[in-house]
Amino acid sequence: MPNIILNGLQISVPDGTTILNAAKQAGIEIPHYCYHPKLPIAGSCRMCLVEVEKAPKLMTACSTTVTDGMVVFTDSEKVRKAVTGVLELMLIHHPLDCPICDQAGECGLQDYYMKYGLHKSRYDLEDKVHKTKHQDIGGQIMLDSERCILCSRCVRFLNEVPKTGELEISQRANHSEIGIFPGRPLDNHYTGNLADVCPVGALTSKDFRFKCRVWFLSSVKSVCTGCANGCNIDAHFREQTMYRVKPRVNDAVNQAWMCDFGRLEYKKANEGRILEPTLRQGGSDRTPGWDSALADVAFKLKDAVDHHGAEAVAVIASPQSSNEELFLIRRLADEILGTPNLSFTSRVAGDGFADEILIKADKNPNAKGAGLLGISDSGFDALLQKIADKKIKALLVFGNVLGDLADNEVATLLSAVPFVGLAGSNESALSRAAHAVLPTASIFERSGTFTNSAGRVQRFEAGFLPRGNARPDLDIVTGIANRLGAGWTFEGAAAVFAVISASVAPFAGLTYESLGDQGQNVTEAGNA
Amino acid sequence: MELVLTTHFGNDQYHAIGTYQELGGYVALKKALGMTSDAIIDEVKKASLRGRGGAGFPAGIKWGFLPKNDRPRVLVINADEGEPGTFKDRLIMSRGPHLLIEGIAIAAFALNAHMSYIYIRGEFVKEANILNEAIDEAYAKGFLGKNILGSGFDLDLTVHRGAGAYVCGEETSLINSLEGKRGWPRLKPPFPAVVGAFGLPTIVNNVETLADVPWIITNGGEKFAALGSEKNGGTRLIGVSGWVEKPGVYELPCGTNLKDIIYKHCGGIKNGKALKAVIPGGSSTVVLRPDEIDVAYDIESMAKIGSASGSGGVIVIPEGTCMVRILSVLMNFYAHESCGQCTPCREGTGWFKTIVSRIENGKGRPGDIELLLDICDNIMGRTVCPLSEAAGMPVKGFLTKFRDEFEQHIRDQKCPYGNKFQSAHA
C-alpha cells in the first residue's frame, strides 16, 4: 500500500491506484472529462493535470498511478492555471447555446466553468469553427458536433461495451469531429448510454430532448422492470410524471449501463394508467371508491369459495410484482382463500431477445422471486385450461398481461369466468375484460424488492404518490385479505420483507436495511 | 575531413547493392554478426551516437531500455521526415539505401529483433521504391531474411508508407499508424521499449541514426565519437534551406559552428543580403538572431542558447522578410497537423493560427502578443505528445526575438513588408 501526500494530507491507497482515484478516496475531486470509471483511460482531455513533486511537467491524474512517497498537489497555483487554461481552450469553439441545450444543469462544461473558469471569452464569435449540428445518428441519440469536446468517451463506450464501434473521430486538429460512418447509424441496444457518458450536450437523448429542464427533476433509486437482469436505475420525475431513467452504478449487476428497451419502460407509468377502482356490471361502469371495490372483490371471491369450493377460485400472480406483494398474494391464496389455483408465467409476447451484456430473455423483473416465494409457474397452462373449461368461478389477476396471450385471446378466455378481479396499473385487454378493476401504483409510486435472475434482491423506492386513485398492490392485497378476516397489520414493504426474511429460507439473514441501494444475493440454497 | 555517410553519394550507382558492396558495403554486417549483442551496443554507446530525429537521445542507451525477457522485439525505423526544413533522411534513402539497411540489420541483430519496419513518409514515393528495390537485393544476397550470412539470425524488413500526418513522426503515433490505427500519440508510460508495435517491446530509431551504425562497427565507436564534439559523436547531415548561395544537405562534424555552416559551407547569404534570422533545427526550434549564430551546432551548445539543433534543418532568413508572415505560415502548418486528440494542442494551435494571421493581415489588437504568450503557457507541456511544444516554441521564439515587428504590425494595422499573400492564409 503506497503512502502518498496529497495536498499535505497523508493517505494510503492500494497498489496501482491512480492519482485521480486516490484523491477521490480522500474526498478530493479532480476535474475530468475523458476519464470514466468504466471505460479505458484516454488521457486526452487534460483537465485532470496535477502537480507531482520532482516531475518536470504536470501529470494527468487519470493515467498516473501513485508510487510510494509521491507528493501531489491538486490545488496549487500551477494546477489551477492549467485547468483554467484547458477549460478555456475547450470552450473557444463551443456554441454556448446553454439556453436551448438539454444538458444545461448537468453539464460538465457549465459545472467546471463555474468552478474553474469564470473567465471572459478571449475568442471571437466569427473565428469559431462550425460543425454539423443536430444529427440523427441512430438509436436513441442526437449528435451536435459543435458542443462536443472530443473526450472520446462515446467512442470508447461503443468499442468496449456493445463492441459495435459505430462512432469514430474523423478529421484532424480543431476540425476533429465525432461521427458515424456514412450510412451506418448506431446499431446496438445500448445507445441510450451515450447520452449518459457524454459529459456535455453533444449526445442527447431523442426521447428526453426538449421535454424538461433537468433542474425541475427529482430522482429516486429504482430498478428496471424491463427484464430479469434488474439493472439499477435512477428514475427522474417531476410531480407525478416520469421523464427519464438513467442507469445507477452497481458493479454486481449493470456496471453503469442499461439497455435501450429498459430506458423506455418508464413510459408505462405515464401512459394509459387506470386511475379509479371500477366495478363493471351489465355493461355499465361504476367507480364506487376503494372500500366498496375491495369489499366487492372480497365478497365475490368468498362467494365463489362458499358456493363452488376453493377449487373454483384462482389467483394469477405477476412476475412484475415485488417479493413482498408476491409473498402476500401467496398467503392470500394459500391461507385465506385456501385455493391450490395459484400460478404465474413469465412468458410475454415478443421474441424474448437476450444478449451476453445485460438483456435477459425473461422480460420480468421478479420471476425468480416468485419461484423462491413458493409460487410456481409450472401449473400456469393447466390453470388456463381450467378457466377455459369454466371450472373457475372467480379469478383474481395481478398485472397488465396474461402471459403471451393476445388481446382477443384474453377476452375470449376471461369471458368463461363469472367474476374477474384485476389489480393492474395500465389499461389492457385484462382491464377491459375484468369485472372489478383495482388500479395499482406504478414501480415509481411504490416501494419493495425484486429478486433478479441471478438471485440478487434489490430495493426500489417510491418517488411520488400513486397517480389518481391508484394504490400500492400491498395495500390492495391486504385490503382484500383483511376483508376476508386475515387481520394483517403490515406497515409497508419493509415490514413484509422482515416476515419473508424470517420465514422463507433463501431470504434468511437479509434485512431491508442491509439490502441498501446495491442489493444482496439470496443464500446459496435459494440460488441453486 | 572524414565522412561517415555521404562519401559515395556522388556515385549515381551507390544505391545498387553491387556498387555498394564494391565500395565496402555489408562488411560491417559480417563483422557485427561475429560480435556479441552487448559488444555492439557497447560500441554504439562509446560512439556517443545521439538520435538524429530531433530529440538527440543517446542511441546506445535507448537500446538498453528493452526489457530482459524473451518476448519478440520490433525495430522500427522512423523515416517519416516531416519537420519543416528537414530533408536529410530523404537523401540517405535515395542515395544510400543499403547504408540504412545494413544499419538496420546490425541494430536488429544487437537487439535480437526479427521484425523491422521502415515507416516512411507517404510523400516519399520515389524513396520508398528505391528502398523496396534495395531490400529485395539484400534479401537475394542473404543480408536479410532467414539465417543471415549463415549466422542463424533471421530478420524481416518491411517498408510501410505513412498517410501524410506530421504527428506520425512522433514515435507512438507512428506505431499506431503502423498498426493500422489512427495516427494518435499514445499516453506514456508505457514506453515503446516496453509496449510498442503490436504490443511488443519496440525500439524506434531515425534513419540517419541507423545509417551511422555500419561505420561505427567498422571503425569503432571511439573513432566515431572523435569525429564530433563532446557527447555528440560523429557527423550530422545538415539540411540548409532558405536564402543562402548554396542550399543543400551537408555532412559536417557534430559541433561545427553554425555561422560557418551558413557562411563557409553554404556560401553565405544569397545576393549579399544581410542575415535576419536563422531557424536552426527544423521549424519547431527557437529562432536565432544574427548575433546568436556563432555557436557550436551540437545538442548541448544549442540548448545553452535556448534553442536546439533538432532534426538538422537550418532555415536561413534574409533581411526584408516579414517575420510575422513566416510565423503565420508555420502556425498554419501546426494548426493543420495537430492530430486533435488532446485539448490544448487541438484548440491552441488553431488559436495561434487565428491570432498570428490576423496580426499579419493588419487586424491585430493590443494584447494579442500577451495572449499568444499566455496560450503558449496553457498548452506547452500539457499535452500527450510534444506537438504543443513544437508549435509553442516558434511562437515564443519569434515573439521574444522579433517582438517589435509584431508590435509594428498591430500598431500600423498593416504588414510593413506588404503582405502579398493575404488571402492564402486569411
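The model shown is predicted, which means the values in this text are computed figures rather than measured ones.

(A) Geometry of the overall build of chain A. When you go through chain A residue by residue, the secondary structure sums to 17 helices and 23 strands. Across its three principal directions, the C-alpha atoms of chain A cover 90 × 50 × 35 Å. In chain A, which comprises 528 residues, the share counted as buried stands at 51%. Residue pairs in contact within chain A that sit at least 24 positions apart in sequence constitute 66% of those at least 6 positions apart.

(B) Summary view of the overall build of chain B. On a plain count of helices and strands, chain B comes out with 18 helices and eight strands. When the backbone C-alpha atoms are referred to their principal axes, chain B occupies close to 75 × 45 × 35 Å. Sorting the 426 residues of chain B into buried and exposed places 59% on the buried side. Sequence separation of 24 or more characterises 72% of the internal contacts of chain B that already satisfy a separation of 6 or more.

(C) Structural context of the domain arrangement of chain B. All names here are of chain B. Taken domain by domain, chain B comprises domain 1 (17-55 + 62-227), domain 2 (235-318) and domain 3 (323-425). Facing eight residues of domain 2, the contacting portion of domain 3 comprises ten residues. In terms of residue class, the side of domain 2 that touches domain 3 is built from four nonpolar, three polar and one charged.

(D) Structural detail: the confidence of the model for chain B. Residues and elements named next belong to chain B. Confidence along chain B averages 96 in pLDDT terms, with 98% of residues attaining 70 or more. Scored below 50 in pLDDT, residues 422-426 makes seven contacts in the model with residues more than four places away or belonging to other chains. Confidence estimates for the predicted assembly give a pTM of 0.94 and an ipTM of 0.92.

(E) Quick peek at the domain arrangement of chain A. Residue and element names in this part refer to chain A. Segmenting chain A into domains produces domain 1 (3-91), domain 2 (127-270) and domain 3 (278-527). With 31 residues of domain 2 at the contact, the number on the domain 3 side is 28 residues. Among the secondary structure elements, those contributing two or more residues to the side of domain 2 that touches domain 3 are strand E11 (218-223), strand E12 (232-238) and helix H7 (267-270). With five residues, the top contributor of residues to the side of domain 2 that touches domain 3 is E11. The residue makeup of the side of domain 2 that touches domain 3, split by class, is 17 nonpolar, eleven polar and three charged.

(F) Up close: the environment of Leu275(B). All names here are of chain B. Looking at where Leu 275 falls in the secondary structure, it is placed in strand E7 (residues 275-279). With 22 C-beta atoms packed within 10 Å, Leu 275 lands in the buried category. The spatial distance from the C-alpha of Leu 275 to the C-alpha of Pro 318 is 4.6 Å, given a sequence separation of 43 residues. Not counting chain neighbours up to four residues away, the residues in contact with Leu 275 comprise Ile 269, Pro 290, Val 316 and Pro 318.

(G) Representation of the nonpolar core in the model. Counting 138 residues, the largest nonpolar core has Val76(B), Ala105(B), Ile106(B), Val316(B) and Phe352(B) as its most contacted members. With eleven residues, helix H6 (residues 97-111) of chain B is the single largest residue contributor to this core. Setting aside its immediate chain neighbours within four residues, Phe352(B) contacts Met331(B), Tyr334(B), Ala335(B), Leu372(B), Ile375(B), Ala391(B) and Val395(B). In terms of nonpolar packing, the next biggest core, distinct from the first, is built from 96 residues, Cys231(A), Val305(A), Ala370(A) and Leu510(A) among them.

(H) Examining the pairing of strand E18 (residues 394-398) of chain A more closely. Residue and element names in this part refer to chain A. Counted residue by residue, E18 has five buried out of five residues, so it is predominantly covered. With burial as the criterion, each face of E18 is covered, one bearing Ala 394, Leu 396 and Phe 398 and the other bearing Leu 395 and Val 397. As defined by bridge partners, strand E16 (residues 313-316) adjoins E18 across four bridges and the pair is classed as parallel. In the strand pairing of E18, Val 313 is matched with Ala 394. Of the strand pairs in this sheet, E18 and strand E19 (residues 419-424) are connected by five bridges, and their pairing is parallel. Residue pairing for E19: Val 397 is matched across the bridge by Leu 422. You can see the chain leave E18, run along helix H12 (residues 407-414) and come back into E19, and the turn it takes is right-handed.

(I) A look at the packing of helix H8 (residues 290-308) of chain A against helix H14 (residues 473-483) of chain A. Residue and element names in this part refer to chain A. Between H8 and H14, whose axes approach to 9 Å, the crossing angle comes to 60 degrees. Taken together, H8 and H14 sit at an angle that is classed as oblique. Pair H8 / H14 crosses with right-handed handedness. Across the interface between the two elements, Leu 294, Ala 295, Val 297 and Ala 298 of H8 pack against Gly 479, Ile 480 and Arg 483 of H14. Here the residues of the contact of H8 with H14 sort into five nonpolar, one polar and one charged.

(J) Structural context of the sheet that holds strand E22 (residues 456-460) of chain A. All names here are of chain A. Within the open sheet, the three strands sit side by side as E21-E22-E23. Their pairing is antiparallel. Both outer strands of the open sheet, strand E21 (448-451) and strand E23 (520-521), are each paired with one neighbouring strand and no more. Sheet analysis places E22 next to E23, joined by two bridges and oriented antiparallel. In the sheet register, Arg 456 faces E23, and the bridge partner there is Asn 521. Strands in contact with helix H9 (residues 323-337) are E21 and E22; relative to E21, the strand with the most contacts, it is inclined by about 90 degrees.

(K) Examining the pairing of strand E8 (residues 313-318) of chain B more closely. Residue and element names in this part refer to chain B. Of all six residues that make up E8, five are buried, and the element is covered over most of its length. Two strands pair when backbone bridges link them, and E7 and E8 are joined in this way by four bridges, in the antiparallel orientation. What sits directly across from Ile 279, in E8, is Ile 315.

(L) Local environment of helix H7 (residues 125-140) of chain B. Residue and element names in this part refer to chain B. Between its terminal C-alpha atoms H7 stretches 23 Å, which fits the 22 Å expected from 16 residues at 1.5 Å a residue. Residues of H7 that are buried include every one of Glu 127, Ala 128, Leu 131, Ala 134, Ile 135, Glu 137 and Ala 138, and no others. Tucked inside the fold, the buried residues of H7 contact helix H1 (17-22), helix H5 (89-95), H6, strand E2 (113-120) and strand E3 (156-161). Immediately beyond the C-terminal end of H7, within one or two residues, lies Gly 142, with a positive phi of roughly 80 degrees.

(M) Looking closely at H8(A). All names here are of chain A. Here H8 spans 27 Å end to end across 19 residues, near enough to the 27 Å set by a 1.5 Å rise per residue. Residues Ala 293, Leu 294, Asp 296, Val 297, Ala 298, Lys 300, Leu 301, Ala 304 and Val 305 constitute the buried set of H8. Taken from the residues just after H8, Gly 309 is the one with a positive phi, measuring 90 degrees.

(N) Inspection of the interface of chain B and chain A at higher detail. Taken together, the contact pairs 23 residues of chain B with 21 residues of chain A. Considering every element that reaches the side of chain B that touches chain A, the biggest residue donor is helix H15 (residues 343-360) of chain B, with nine residues. In terms of residue class, the side of chain B that touches chain A is built from eight nonpolar, twelve polar and three charged.

(O) View of the sheet that holds E12(A). Residues and elements named next belong to chain A. With antiparallel pairing, the three strands of this open sheet are ordered in space as E11-E12-E13. Where the open sheet ends on each side, the last strands, each with one partner, are E11 and strand E13 (241-247). Here the average twist between neighbouring strands, direction ignored, is 30 degrees. Relative to E13, E12 is paired through six bridges, and the arrangement is antiparallel. Residue pairing in the sheet places His 236 in a bridge with Arg 244 of E13.

(P) The arrangement of the packing of helix H2 (residues 77-91) of chain A against H15(B) in detail. At their nearest, the axes of H2(A) and H15(B) sit 9 Å apart, and the two run at 60 degrees to each other. Taken together, the axes of H2(A) and H15(B) lie oblique to each other. Relative to H15(B), the crossing made by H2(A) is left-handed. Here Val86(A), Leu89(A) and Met90(A) of H2(A) lie close against H15(B), whose contacting residues are Thr343(B), Pro344(B), Glu347(B) and Gly348(B). Residue classes in the contact of H2(A) with H15(B) are distributed as four nonpolar, two polar and one charged.

Calculation rules
- As a convention, each chain's residues are numbered from 1 in the sequence order in which they are written.
- Starting at A for chains and at 1 for ligands, labels are handed out in the order in which the entities are written.
- Local features in this predicted model are restricted to residues whose pLDDT is 70 or higher, and side-chain atom pairs enter the listing and the counts only when it is 80 or higher, whereas totals over whole chains, interfaces and linings include all residues.
- Numbering of helices and strands runs from the N terminus, with a helix taken as a DSSP run of H or I at least four residues long and a strand as a DSSP run of E at least two residues long.
- Once C-beta atoms are placed from the backbone, each residue is buried if 20 or more other C-beta atoms lie within 10 Å of its own, exposed if 12 or fewer, and partly exposed for counts between those two.
- A pair of residues counts as a contact when their C-beta atoms, built from backbone coordinates, are separated by no more than 7 Å.
- Domain limits in this description derive from either an automatic procedure or a database domain assignment.
- Each residue gets one label: Ala, Val, Leu, Ile, Met, Phe, Trp, Tyr, Cys and Pro are nonpolar, Asp, Glu, Lys and Arg are charged, and the others, such as Gly, are polar.
- In predicted models, pLDDT denotes the confidence assigned by the predictor to each residue on a 0 to 100 scale.
- We define a nonpolar core as a collection of buried residues of the types Ala, Val, Leu, Ile, Met, Phe, Trp, Tyr and Cys that are connected via C-beta atoms lying within 7 Å of each other.
- Two strands qualify as a pair provided that DSSP identifies no fewer than 2 bridges between them.
- By definition, the crossover connecting two strands over a helix is right-handed if that path, from the first strand to the second, turns clockwise as seen with the strands pointing away from the viewer.
- Here an angle of 0 to 180 degrees is reported between the N-to-C directions of two axes, which are lines fitted to C-alpha atoms, with helices fitted over the stretch in contact.
- Here the angle decides the label: under 35 degrees means roughly parallel, over 145 means roughly antiparallel, 65 to 115 means roughly perpendicular, and every other value means oblique.
- Working rule for handedness: look at the near helix, and if it is turned counterclockwise from the far one by less than a right angle, call the crossing left-handed; if clockwise, right-handed.
- The span expected for a helix works out to 1.5 Å for each residue beyond the first.

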